[in-house]
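Fold and geometry: a report
Okay, here's what each chain looks like letter by letter:
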Amino acid sequence: MRKKIFTLLAIFLAFTAVTMQAQTVQDAPRHEVLLETDSGDIRIELFNETPKHRDNFLRLVRSGAYDGVLFHRVIKDFMIQTGDVGSKNAKPGEAVGDTPETYTVPAEICFPKLFHHRGALGAAREGDDVNPKRESSATQFYIVWGYKFTDGQLDKVQQRLNERTDSTVQLTPEVREAYKTVGGTPHLDGQYTVFGQVIQGLDIVDLIQRQPGDKNDRPLNDTRIRRALVVK
């Protein structure tokens, strides 16, 4: 009997420790980063649930890696992408976005808690054919714009998600409601790591995503991150 009591107590204590740790992560203050762009300021909050991406992003911001980079891939009603450090001195019309990187960041996909609603900050990556673990780019990231969905459209998205051989993504009622009222890009869920969100400056994201681009989706008029700062 004593052994059984000790076993139950150990299980209870272990469960309590895990629960307290999860609450600590969720309740801990979040870092914030300010992107000063040619179009205006965008303030981003980073998630503690994705610590590898958070810490990598903070390190890059503090090192000045993002100062001067282009928004090199902009697709209306989809997203804006930046972070290619080789884009700083790119000539007009030059294709950018393929600067070699020396490392990747392990995937931290936390769906459905973190998903691709409008304003979500996601890590770019190579495709599954060469990157089956879905590891993230060292430096490149995107900010979601997307559009608002109807129930019928979300049903079709769910059907396409179900057709993926490795997909376990199920759009919960809460996620569906967000896509109907706020908008986003649900087809990316479960595929890419979401590690932050815009808390100020969605109007600036809108301005950038509306810019006309060339055949490679690079804006015809260069838009840069002039400076990135950790502000919290």
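So, here's what we can say about the structure. (Residues numbered from 1 in each chain as written. Predicted model: local features only at pLDDT ≥ 70, side-chain atom pairs only at ≥ 80, totals over all residues. Heavy atoms only, no water.)

Glancing now at the overall build of the chain. Looking only at helices and strands, one finds 5 helices and 10 strands in the chain. Within the chain, the proportion of its 232 residues that are buried is 46%. Considering only contacts in the chain between residues 6 or more positions apart, those separated by 24 or more positions represent 73%. A total of about 12,500 Å² of accessible surface is found on the chain, and carbon and sulfur atoms cover 54% of it. (Helix = DSSP H or I, 4+ residues; strand = E, 2+ residues; numbered from the N terminus. Buried < 20%, exposed > 50% of the residue type's maximum accessible area, 1.4 Å probe, protein only. Contact = heavy atoms within 4.5 Å. Areas by Shrake-Rupley, 256 points an atom, 1.4 Å probe, with all protein chains shown as cover.)

What follows deals with helix 4 (residues 173-181). Every α-helical turn comprises 3.6 residues, leaving residues that sit three or four positions apart pointing alike. Residues of helix 4 that are buried include every one of Val 175, Arg 176, Ala 178 and Tyr 179, and no others. What you see down the axis of helix 4 is that its buried residues fit within an arc of 160°, all on one side. Opposite its buried face, helix 4 presents the exposed residues Pro 173 and Glu 174, each directed more than 90 degrees away. Those residues of helix 4 that are buried are in contact with helix 3 (151-163). In the segment just after helix 4, Gly 183 is the residue with positive phi, at about 100°. (Arc of directions from axis to C-beta.)

We now examine the packing of aromatic side chains. As enumerated under the stated definition, the model contains 8 aromatic pairs in all. Judged by centre distance (5.5 Å) and plane angle (75°), the ring pair of Phe 115 and Tyr 179 falls under edge-to-face. In this pair, Phe 115 is assigned in the loop between strand 5 (104-105) and strand 6 (120-123) and Tyr 179 in helix 4, connecting sequence segments 64 residues apart. Like Phe 115, the residue Tyr 179 is buried in the burial classification. Ring geometry for Tyr 142 versus Tyr 192: centroids 6.0 Å apart, planes at 90°, classification edge-to-face. (Phe/Tyr/Trp six-rings, centres within 6.5 Å; stacked < 30°, edge-to-face > 60°.)

This part covers a negative patch on the surface. Side chains of Asp 98, Glu 101, Glu 126 and Asp 129 sit close together on the surface and give a patch of like negative charge. For Asp 129, the location among the structural elements is in the loop between strand 6 and strand 7 (136-137). (Patch = residues over 30% accessible without salt bridge, like charges linked within 9 Å, V, L, I, M, F, W, Y side chains within 5 Å. Salt bridge = Lys/Arg side-chain N within 4 Å of Asp/Glu carboxyl O. Lys, Arg positive; Asp, Glu negative; His and termini not counted. Charge placed at Lys NZ, Arg CZ, Asp CG, Glu CD.)

To continue, consider the side chain of Asn 131. Looking at the secondary structure, you find Asn 131 in the loop between strand 6 and strand 7. Side-chain polar atoms of Asn 131 contact the backbone oxygen of Glu 135, separated by 2.8 Å. Leaving out residues up to four positions away in the same chain, Asn 131 has contacts with Arg 125 and Glu 126. (Polar contact = N/O pair within 3.5 Å; in protein donor to acceptor, adjacent residues only side chain to side chain.)

Spatial relationships are all this shows, so hold off on functional conclusions.
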